[in-house]
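Understanding the architecture of this molecule
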Amino acid sequence: MSVDIASKGIKNSQSFIDAVELIEHVLITIPTITEDRQTLIKSVEKEAQMIEDEIRKVKEEAISHIESLENSLLEDLKLKKDKIVANAKVVMKKIEDINKMTQDKKDTFDIVEKHGSEKQAFLAVHVHKTDLNKLEEKISTITEKTTYSSIRLNSKYPKKNITSIGTIETTEVPISTKFVKRKKRQSQIPMVHRQDLPTFIQKDAITVSGTVGGLAVNYKDELFLTSSCMIVNQRILVYDINEKLKYQMNLSYQPRQIALFPCKNTGIIMKFLGACMQFIDFQTKELMNEVSLKECEGEGVAASNENIFIGTKGNIIVLDSKGRFIRSIKMKNDKLTPMYIVLDKSGNIYHSDSEVVYCTRIDGKNMFTYKPSKNKSPNGIAIDNQGYVYVVVQNQGVCRLRPDGTFSDLVVEDCLHGTLSDICFNKDCTKLYVSHKLGVLVYNRQ
């Protein structure tokens, strides 16, 4: 077959259309990847500068600590030196006294020896015998009990023992920009049909005497919730896997959101209208240290093993596990505060303010946004083990979003007239907990 015959009508063929679309797709993707890398460079340079500042701080603290040890060592040296010198001077004074007494006796016996008679010599020996015995005893005591002291430095920490003041770690998360090959575009996003998605039926309800603030489930599948009633009954309530109350912890302040460290018995409580957070040890049931948020009234909170994420006006601040500031992730709307925050298994941050639900990558790149219809406000967020996003929407119920942030369906209808607030799953996502003004609704997966 000739080329002329084979090429007839090729511009209208699927092959030519695919080739043109592929070129366009590549050209569209390239600027996005370039922008992503430029953002990465700026982010890494900023993080590197922060690490350099931290290294300098560690160095300064180490130098300050060494100077403190130096001062302590020099003070100890002075005390020991002064003690040895003082003892030596005491001995020298005794020696001077003995020398004077001995010299007096020598003068006496020299005169007797040169000019005295035998009788005078006899009398001198007997008269001065006691004094001579005392002189002998004194000088003997000094020579027997006096030691020769020396001082030296016993270096317990030689330079070779100081091998490191820290390590530099890198973390990697998948790039948000995906290039999908032309022939496989339709199959890249796994589609789960509506009938394959789980449904949830209400099984139980937990009634609380007070307003429920936040919800969380720990690695033991225990449910934690905060509750407050005016200035009394400010508590953390802990329930077992059967929704039976295990214990409660009374607080002196009104709590809001709660976050638990994965695989640990510690958590964080945000204070209502307070610019600080409280660490809590649930093993000992004791309040630990408070950390100030520097005049930023934190709202939403989430925790990983390494970091704490707190919503403040226009930002999510990232802290280490001790509550020390690392950096801020700037939000698109700098006038609103992330009220609810959760993390998925990849470390992506899902958060909602009073208008929009966001999925943000750890480097600050936005993955998707979802705005409920009819200007309804989103509240709590939960992620199931398939990556579906569950959002409490006021006056609507619990909406289920696909992993790409598009609306899927309504899982739970709001029958409590807009009082639904927070939401979380149990460990294996077979139970769904939804809080409202006076308690928690418990749904079982069907």
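Residues numbered from 1 in each chain as written. Predicted model: local features only at pLDDT ≥ 70, side-chain atom pairs only at ≥ 80, totals over all residues. Heavy atoms only, no water.

Strand S20 (residues 397-401) sits mainly inside the fold: 5 of its 5 residues count as buried. Inspection of the sheet shows strand S19 (residues 389-393) paired to S20 by 5 bridges, in the antiparallel sense. When the sheet's bridge partners are listed, Tyr 390 is paired in S20 with Arg 400. Between the antiparallel neighbours S19 and S20 lie 3 residues, among them Asn 395 with a positive phi of about 60°. For S20 and strand S21 (residues 407-413), the ladder comprises 5 bridges, and the chain directions are antiparallel. The residue of S21 that forms the bridge with Arg 400 is Asp 409. (Buried < 20%, exposed > 50% of the residue type's maximum accessible area, 1.4 Å probe, protein only. Helix = DSSP H or I, 4+ residues; strand = E, 2+ residues; numbered from the N terminus. Pairing = 2+ DSSP bridges.)

Turning to the nonpolar core, a few remarks are in order. Judged by nonpolar contacts, the single largest core of 17 residues is most densely connected at Tyr 390, Val 398, Ile 423, Leu 432 and Val 434. Taken together, the elements giving at least two residues each to this core come down to S19, S21, strand S22 (423-425), strand S23 (431-436) and strand S24 (439-445). Once residues lying within four places of it in the same chain are set aside, the contact partners of Ile 423 are Leu 215, Gly 380, Ile 381, Ala 382, Tyr 390, Val 392, Val 398, Leu 432, Tyr 433 and Val 434. By size, the runner-up hydrophobic cluster in this structure holds 14 residues, among which are Ala 259, Ile 268, Phe 279 and Ile 310. (Core = buried A, V, L, I, M, F, W, Y, C linked by side-chain atoms within 4.5 Å. Contact = heavy atoms within 4.5 Å.)

Scanning the entire structure with this criterion turns up 6 aromatic pairs. Look at Tyr 390 and Phe 425: their rings are 5.0 Å apart centre to centre, the planes differ by 85°, and that puts the pair in the edge-to-face class. Placement of the pair is Tyr 390 in strand S19 and Phe 425 in strand S22, with a sequence separation of 35 residues. Taken together, Phe 200, Tyr 390 and Phe 425 form an aromatic cluster joined through their ring pairs. (Phe/Tyr/Trp six-rings, centres within 6.5 Å; stacked < 30°, edge-to-face > 60°.)

On the surface, Leu 22, Ile 23, Val 26, Leu 27 and Ile 30 cluster together to form a nonpolar patch covering roughly 430 Å² of accessible area. The residue Leu 27 is located in helix H2 (residues 14-115) in this model. Given a relative accessible area of 55%, Leu 27 falls into the exposed group. (Patch = residues over 30% accessible without salt bridge, like charges linked within 9 Å, V, L, I, M, F, W, Y side chains within 5 Å. Areas by Shrake-Rupley, 256 points an atom, 1.4 Å probe, with all protein chains shown as cover. Salt bridge = Lys/Arg side-chain N within 4 Å of Asp/Glu carboxyl O.)

Time to look at unusual backbone geometry. In this structure, Asp 221 takes a positive phi of about 70° despite not being glycine. Positive phi is not limited to glycine here, since Lys 285 has a value of about 55°. Residue placement: Lys 285 occurs in the loop between strand S8 (276-281) and strand S9 (286-292). Lys 285 sits in the partly exposed class, given a relative accessible area of 42%.

Now for the confidence of the model for the protein chain. Per-residue confidence for the protein chain averages 86 on the pLDDT scale, and 89% of its residues sit at or above 70. Confidence, read as mean pLDDT per element, is least for helix H1 (residues 3-6) in the protein chain (71) and greatest for S22 (97). Contacts of residues 182-195 to residues separated by more than four positions or lying in other chains number 14 contacts, the stretch itself having pLDDT below 50. (pLDDT = per-residue confidence, 0-100.)

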